[in-house]
Amino acid sequence: MAKTFAAHALTYRLLTVARQGIVVSGNETRTIPFLRIAPGIAIERGYFWDALAIYLEDGQSIRFGGISKKKAGSLQAELNRQTRNYIKSFYQAIIPDLRQACQQAQASFHGQRYIRHAAALQWLKNHEHLRDGVSRPDISHYLSREENQLIELIRPFLEKGYEHIAKINDAYIQFQLKKYRDYFDRVESNPLTGKQRKACVIDEQHNLVLAGAGTGKTSTMIGRAGYLLKSGLAAPDQILMLAYANKAAKEMEERIHARLGISTLTVKTFHSLGKQIITDVEGTVPAIDKMAEDEALRARFVDDRIKQFLLDHHYKSRLVTYFTRFIYPYKSQFAFKTEGAYHAYILENEIRTLQGELVKSYEECEIANYLYRQGIVYEYEANYQVNTAGPDFKAYQPDFYLPGYGLYIEHFAISENGETPPFIDRQKYLEGMAWKRALHETHKTRLIETFSYQKHQGVLIDALRTQLVVAGVQFRPVPDDQLLSRLREFGEISRFSELIAKVLALFKAAYLSVKDLSSLAHQHEDKERMLAAVLLFEPVYQAYQQHLHDNGTIDFDDMIGKAINYVESGRYRSPYRYVLVDEFQDISASRARLVKALLAQHADNSLFCVGDDWQAIYRFTGSDVSITRDFEKHFGFTATSVLDKTFRFNNKIGEVASRFVSQNPAQIKKRIQSHRQADKPAVSLIKTAADSVGLNAALSSISQKQPAGASVLILARFHFRQPELSSLKRQYPNLKLQFMTVHASKGKEADYVIVLGLEHGKQGFPSEKATHALLELLLPEAEDYQYAEERRLFYVALTRARHHVYLITDGNKASSFVRELVDDRYAILADEFQGHGFQKQLADTPCERCQTGYMIARKSQYGIFYGCNQYPLCSHTQKSCPKCGSALITKGRSRVCKNRDCEVEEPVCPKCGGSMILRKGKHGEFWGCANYRPHAGFSCNHTEQPLDIKIQAGSANRTVVPAGKTSVDNRKDKQTWHLN
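A. Highlighting the overall build of the chain. Of the regular secondary structure elements, the chain holds 31 helices and 37 strands. Its C-alpha atoms give the chain a radius of gyration of 39 Å, clearly above 30 Å, the size a compact globule of 980 residues would have. Each principal axis of the C-alpha distribution contributes one length, and for the chain these read about 120 × 85 × 65 Å. Counting the 980 residues in the chain, one finds 52% classified as buried. Total accessible area on the chain stands at roughly 46,600 Å², and carbon and sulfur atoms take up 49% of it.

B. The arrangement of unusual backbone geometry in detail. Residue Pro-766 is reached from Phe-765 by a cis peptide bond, and omega for that bond is 10°. Positionally, Pro-766 belongs in the loop between strand 25 (750-756) and helix 29 (773-778). Its identity is not glycine, yet Glu-381 carries a phi of approximately 50°, on the positive side. Relative to the helices and strands, Glu-381 resides in the loop between strand 12 (379-380) and strand 13 (400-402).

C. View of the packing of aromatic side chains. This model, assessed by the stated rule, comprises 45 aromatic pairs. Each residue in the set Tyr-384, Tyr-396, Tyr-401, Tyr-408 and Trp-435 is aromatic and connected to the rest through ring pairs, giving one cluster. A cation over a ring is seen here: Arg-659 above Tyr-826, with NZ or CZ 3.9 Å from the ring centre.

D. Highlighting a nonpolar patch on the surface. Residues Tyr-47, Phe-48 and Trp-49 make up a contiguous nonpolar surface patch of about 500 Å² in total accessible area. With respect to the helices and strands, the residue Tyr-47 is situated in the loop between strand 5 (42-44) and strand 6 (49-55).

E. View of the sheet that holds strand 22 (residues 683-687). The sheet built from 5 strands is open, its strands ordered 22-26-25-23-24 with parallel pairing. Of all the strands in the sheet, just strand 22 and strand 24 (735-741) have a single pairing partner and so form its edges. Taking the axes of each pair of neighbouring strands and ignoring which way they run, one obtains an average angle of 20° across the sheet. In the sheet, strand 23 (residues 710-716) pairs with strand 25 via 5 bridges, with the strands oriented parallel. Its bridge partner being in strand 25, Val-712 is matched across the sheet by Tyr-752.

F. Here's a closer look at the sheet that holds strand 29 (residues 877-879). The antiparallel open sheet is built from 3 strands, whose spatial order is 27-28-29. Looking along the sheet, the strands with just one partner apiece sit at the ends: strand 27 (855-860) and strand 29. Within the sheet, the average angular offset between the axes of one strand and its neighbour, ignoring direction, is 35°. For strand 28 (residues 863-868) and strand 29, the ladder comprises 3 bridges, and the chain directions are antiparallel. Within strand 29, the position partnered with Gly-867 by the bridge is Thr-877.

G. Structural view of the pairing of strand 15 (residues 446-451). Note that strand 14 (residues 407-412) and strand 15 share 6 bridges and pair parallel. Considered in strand 15, the bridge of Ile-409 is made with Ile-448. With respect to chirality, the unit in which strand 14 leads through helix 15 (residues 426-442) into the neighbouring parallel strand 15 is right-handed.

H. Structural context of helix 5 (residues 162-179). Over its 18 residues, helix 5 runs 25 Å from end to end, which matches the ideal 26 Å to within 8%, given 1.5 Å per residue. Those residues of helix 5 not exposed but buried are His-164, Ile-165, Ile-168, Asn-169, Tyr-172, Ile-173, Gln-176 and Leu-177. Tucked into the core, helix 5 has its buried residues touching helix 2 (117-127), helix 4 (145-160), helix 6 (181-186), helix 7 (194-201) and helix 8 (217-230).

I. Examining the nonpolar core more closely. With 76 residues, the main nonpolar core has Tyr-322, Leu-371, Leu-402, Leu-468 and Phe-496 as its most contacted residues. Considering every element that reaches this core, the biggest residue donor is helix 21 (residues 527-551), with 11 residues. With 46 residues, the next largest nonpolar core counts Leu-75, Ile-87, Leu-150 and Ile-168 among its residues.

J. Structural context of the pattern of salt bridges. Under the definition given, this model contains 54 salt bridges. With a closest N to O distance of 2.8 Å, Glu-783 and Arg-629 form a salt bridge. With Glu-783 in the loop between helix 29 and helix 30 (788-798) and Arg-629 in helix 24 (residues 626-629), the pair connects residues that are 154 residues apart, well separated along the chain. Via salt bridges that share partners, Arg-113, Arg-116, Asp-203 and Arg-224 belong to a single interconnected network.

K. Highlighting the environment of Ala-689. With respect to the helices and strands, the residue Ala-689 is situated in the loop between strand 22 and helix 27 (691-705). Each C-alpha atom of the pair Ala-689 and Gly-66 lies 96 Å from the other, and the pair is 623 residues apart in sequence. Setting aside its immediate chain neighbours within four residues, Ala-689 contacts Asp-810 and Gln-839.

L. The arrangement of the pairing of strand 9 (residues 239-243) in detail. Taking burial as the measure, the 5 residues of strand 9 include 5 buried ones, the bulk of the element. As paired strands, strand 9 and strand 17 (residues 578-581) are joined by 4 bridges and run parallel to one another. Each residue of the ladder has a partner; that of Met-241, found in strand 17, is Leu-580. Direction of pairing for strand 9 relative to strand 10 (residues 266-269): parallel, over a ladder of 4 bridges. Paired with Leu-240 across the two strands is Thr-266, which belongs to strand 10. In this fold, strand 9 hands off to helix 9 (residues 246-260), which returns the chain to strand 10; that crossover is right-handed.

M. Focus on the packing of helix 5 against helix 7. Between helix 5 and helix 7, the shortest axis-to-axis distance is 10 Å and the interhelical angle comes to 115°. By the angle between their axes, helix 5 is roughly perpendicular relative to helix 7. By crossing handedness, the relation of helix 5 to helix 7 is classed as right-handed. Residue-level contacts link Tyr-172, Ile-173, Gln-176 and Leu-177 of helix 5 to Arg-197, Lys-198 and Val-201 of helix 7. Across the contact of helix 5 with helix 7, the residue classes tally to 4 nonpolar, 1 polar and 2 charged.

N. Main features of the side chain of Glu-363. Within the secondary structure, Glu-363 sits in helix 14 (residues 362-373). With no salt bridge to any partner, buried Glu-363 finds its closest opposite charge in Lys-455, at an N-O distance of 7.0 Å. The contact partners of Glu-363, leaving out residues within four places of it in the chain, are Tyr-330, His-411, Ser-452, Lys-455, His-456 and Leu-460.

O. Molecular detail of helix 8. The terminal C-alpha atoms of helix 8, which comprises 14 residues, lie 20 Å apart, in line with the 20 Å expected from a rise of 1.5 Å per residue. In terms of burial, helix 8 is largely enclosed, as 12 of its 14 residues are buried. All of the buried residues in helix 8 are Thr-218, Ser-219, Thr-220, Met-221, Ile-222, Gly-223, Arg-224, Ala-225, Gly-226, Tyr-227, Leu-228 and Leu-229. Downstream of helix 8 by a residue or two, Gly-232 has a phi angle that is positive, lying close to 80°.

P. Structural context of the environment of Asn-349. Turning to its location among the elements, Asn-349 is positioned in helix 13 (residues 339-349). For the pair formed by Asn-349 and Ala-770, sequence separation is 421 residues and the distance between their alpha carbons is 5.7 Å. With near-sequence residues (within four places) excluded, Asn-349 lies in contact with Tyr-328, Pro-329 and Ala-770.

Q. Just the environment of Tyr-576, in detail. Residue position: Tyr-576 is located in the loop between helix 22 (556-568) and strand 17. Look at Tyr-576 and you get buried, because its relative accessible area is 5%. Sequence separation between Tyr-576 and Met-559 is 17 residues, and the spatial gap between their C-alpha atoms is 19 Å. Those residues in contact with Tyr-576, other than ones at most four positions away along the chain, are Asp-237, Gln-238, Ile-239, Leu-240, Thr-266, Leu-273, Gln-276 and His-602.

R. Spatial organisation of the side chain of Lys-268. Within the secondary structure, Lys-268 sits in strand 10. With no salt bridge to any partner, buried Lys-268 finds its closest opposite charge in Glu-253, at an N-O distance of 7.6 Å. Once residues lying within four places of it in the same chain are set aside, the contact partners of Lys-268 are Met-241, Leu-242, Ala-243, Ala-249, Leu-273 and Gln-276.

Reading the values: rules and limits
Residues numbered from 1 in each chain as written. Predicted model: local features only at pLDDT ≥ 70, side-chain atom pairs only at ≥ 80, totals over all residues. Heavy atoms only, no water. Helix = DSSP H or I, 4+ residues; strand = E, 2+ residues; numbered from the N terminus. Rg over C-alpha atoms; globule rule 2.2 N^0.38 Å. Buried < 20%, exposed > 50% of the residue type's maximum accessible area, 1.4 Å probe, protein only. Areas by Shrake-Rupley, 256 points an atom, 1.4 Å probe, with all protein chains shown as cover. Phe/Tyr/Trp six-rings, centres within 6.5 Å; stacked < 30°, edge-to-face > 60°. Lys NZ or Arg CZ within 6 Å of the ring centre and 35° of its normal. Patch = residues over 30% accessible without salt bridge, like charges linked within 9 Å, V, L, I, M, F, W, Y side chains within 5 Å. Salt bridge = Lys/Arg side-chain N within 4 Å of Asp/Glu carboxyl O. Pairing = 2+ DSSP bridges. Axes fitted to C-alpha atoms, helices over the stretch in contact; angles between N-to-C directions. Right-handed = clockwise from strand over helix to strand, strands pointing away. Expected span 1.5 Å × (residues − 1). Contact = heavy atoms within 4.5 Å. Core = buried A, V, L, I, M, F, W, Y, C linked by side-chain atoms within 4.5 Å. Parallel < 35°, antiparallel > 145°, perpendicular 65-115°, else oblique. Left-handed = near helix turned anticlockwise from the far one by under 90°. Nonpolar A, V, L, I, M, F, W, Y, C, P; charged D, E, K, R; others polar. Lys, Arg positive; Asp, Glu negative; His and termini not counted.

As structure tokens, then:
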């Protein structure tokens, strides 16, 4: 029973003796465990009152004052007695636990094998209640000599926990490395590195080896398997090694047999493992459908089924609806902050009408398709019947013209409140609308107007139809068959079949049902479009599954899916305790699920994965790099090793490649060291508009610096960039030339690498092609970092080379990757190749309108001018410098020649953006806008006095003199000016 001692009501505190300690009360309540109290509670004497001092094991003390001298001694004695009794009973009670803890520690932590985190965690959790007791210095007074010896055995584990276990593991690793030194020296053709050996020996339950390009990941896999066998940790039939491709699995199997002399160890691809599991459960070997091994055959099957379904009225109607309403993802112009971002959306989706025009907005496409569907002949952006071109403005081109009715249609990007998208100057846009309306009024031409807000309200087409009816336009709807025939001509039906074939592959690989897919579609922001696509996909999927059923066959995805079911349900019992996975960065969710199911059948399992998140380039097949990045989240506590010494590329290639891929902060940080050292940059940029010029320059350079027999790998993002190899081989017989896509080159290496196609655009590098949203539903979650996977793909391209990499780009269309290398001053050779056929520099004058394009030189009948490389979406143009032909850059009220050696500067009209020229009037000279054109459709009458225009560049005492006619317009009244 607890006892209570009360002191004076005003001065003393309340003190209670509870079962496990002393409870004190005052302004707060605190429990002092008996185990924390140091031997002996002291009395501090005072004149009138005494105090008790309770000293704790950690050096703290707690003081109780105001105790009467008569009661102090009895209180002290009682508290000491209670403390001693508790401690004595505590130690007597834990003796059985103490013996058990020692026995388990000796069994698990004897130092003759690696101590796994799970085992250590379980021991510490089971015996953590002993921690406070063993820390008391007077413990020897309460236990026998034998029991004190047991305490000393487990004290380091209890007091230091994982820190002590890590020391035991480190000692174990060092012992094993020494014991198997000869094995690690000889298991591969070259001795394994120290980090490779350590990765092989660490025997945590979950092991991740991050192996940089060329660091010997396969050698580590072989080394690990051999170590498990040599050390007696596993028998051959307990080890499973998994690879992704048949060729990789076969190579690994051959190396194991050659290096380890073992032929009974299981080496499989994920698909062949699935096939084995199905065979073991069902008792017969499953027949693999021909389409599983032939993507073209499956694509043809899908195409044939869609053709059959088109005989069905309902499917045909749904397909027509899809092509007229849902083929492109809709995003309002108001959702974009910059014109460049909006253009990127249009370009990556290549929004084209049913007539084949590339239009400037989704809403324009919807209008065009409606006109086409109703049999209304139209022209897109035809010149207005009156020429309104000005010196700095092209002719007015209304959005649509109906020649049969002399009717124009303008679609205005404004909201109900007259607001424009963020990237459009509202005032200028509204002035332009007013000018267009006035122009039509002046020339008595009929104009129909539609607006973006009508699309947002869902009434765009209804509003257009009403106005067309009022205008007397006749509707002759195009039959579905005629429309589909038109779509076939454009290749749209074939592209749709290709899309459905890809969806089928990902859908099967994702191990989903159609109900699951419909649920995902319902959750998508573009729900109508997604559901329309699912309705078209479902009958194709059902036909495919029926084909497999009728033929008694399965595909590769069934191999994984059925295997997962058999393992998770327990119908298949796995003999494998050690699972080793190669190229783990390519793992998909379904494959990871199969691995987990195999591991779950044995408590003493071990997973050993080798991969490189920097080389994860197969998301489009379902691979999920986040499983590697968040390995511990998916599998549990993980021992991570890093192989950071590459034997492939030199340090100069490594510096560029590592810095480039590491710009994405989500990539796991690694510092790759190169065995090969170079003194000079080993990446060259070749700027040319012709691949042939760049190829010959690179190959000639290689021939001059390398003896005969050097291997050269020519890479491109897409296969269509393949050059004519036969002629190149005849031209450079001393070189071993090979072409591959960058994806196909994964795992390959060569002395030299040449990369083609480094331009912006859908077919560029990085590819700016959008992935269909239905595919995105089935793919792993996209990364936030722009072009994250394309960046890793470029890293793969760079790291195929041993000695040097040559990058070929058209400087007028250079990709963002090339611009980064140049703008951020990577250690590359950017001006190595000069002269005829080569470009001096990248186009680096930003487009003033869209801000993402660059101005490039073009020729017209009047000479050189500069236009945005985002044309036709951005039609911004500027005159060239009349003196040197360089680009002119707007700075404040002037356009200044980009060439620093040239002093040409031209004032700009603040009203229309045209050029200001010096004119003479009856009152003297004045500045007038060059777009002043009396009696013309467009005219700007802005004028200024000479002193009103202050030149931005050069010295203040410069004078304005005429520079003559411009290079793009030879009208007599037009002049440009520069300063001397």
